[in-house]
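Structure assessment
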Amino acid sequence: MRLVVQRASEASVSVDGEMVGRLASPGLLILVGATHTDTVDDAAALAAKVWKLRILAEEKSASDVDAPILVVSQFTLYADTRKGRRPSWGAAAPRPISEPLVEAFVTALRELGATVETGRFGADMAVHLVNDGPVTLVLDSV
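Here's a quick rundown of the structure. (Residues numbered from 1 in each chain as written. Predicted model: local features only at pLDDT ≥ 70, side-chain atom pairs only at ≥ 80, totals over all residues. Heavy atoms only, no water.)

**Describing the packing of aromatic side chains**
Counted by the stated rule, this structure contains 1 aromatic pair. Between the aromatic rings of phenylalanine 75 and tryptophan 89, the centroid separation amounts to 5.2 Å while the plane-to-plane angle is 70°, which identifies the pairing as edge-to-face. Of the two residues, phenylalanine 75 is situated in the loop between strand E4 (69-73) and helix H3 (95-112) and tryptophan 89 in the loop between E4 and H3; the sequence distance between them amounts to 14 residues. On the basis of relative accessible area, phenylalanine 75 is assigned to the partly exposed category, the value being 48%. (Phe/Tyr/Trp six-rings, centres within 6.5 Å; stacked < 30°, edge-to-face > 60°. Helix = DSSP H or I, 4+ residues; strand = E, 2+ residues; numbered from the N terminus. Buried < 20%, exposed > 50% of the residue type's maximum accessible area, 1.4 Å probe, protein only.)

Now the structure itself:
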């Protein structure tokens, strides 16, 4: 799995003009992509890592300050742009694989105690973000 983790002072996601998820207070916006070899264990390990990652103010983690998390699925994180001008999406897992993995990531965060809102899987989403810092990290499953 691949995550883009962004420290946000505010963030929301809308589908067809309807807000479907938002941060109620400063927290993390996490874009999540999955590839063919990812597992539920990968999702749980990344959830635990990001929940304890000390990237908030004063080197605090989301778990330290109960910061909310907004998770948005994004298959384009696995774009291959090495050849030509058109990205290849072959490394991105298809919906039957990726959707359960994104759900497992969200479930693992919630089981750790996180307050999590989400986008809508597979929808054309508009993401609003005010990046705080800016702080943006890319995490990959091992």
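**Points about the pattern of salt bridges**
Evaluation of the coordinates by the stated rule reveals 5 salt bridges. Of the charged contacts in the structure, one is a salt bridge between arginine 2 and aspartate 140, with a shortest N-O distance of 2.7 Å. In this pair, arginine 2 sits in strand E1 (residues 2-15) while aspartate 140 sits in strand E6 (residues 125-140), placing the two residues 138 residues apart along the sequence. The class for arginine 2 is partly exposed, based on a relative accessible area of 24%. When its relative accessible area of 39% is taken as the criterion, aspartate 140 is described as partly exposed. Salt-bridge contacts for arginine 95 lead to glutamate 99; the nearest nitrogen and oxygen are separated by 2.9 Å. (Salt bridge = Lys/Arg side-chain N within 4 Å of Asp/Glu carboxyl O.)

Treat this as a map of the structure, not an account of what it does.
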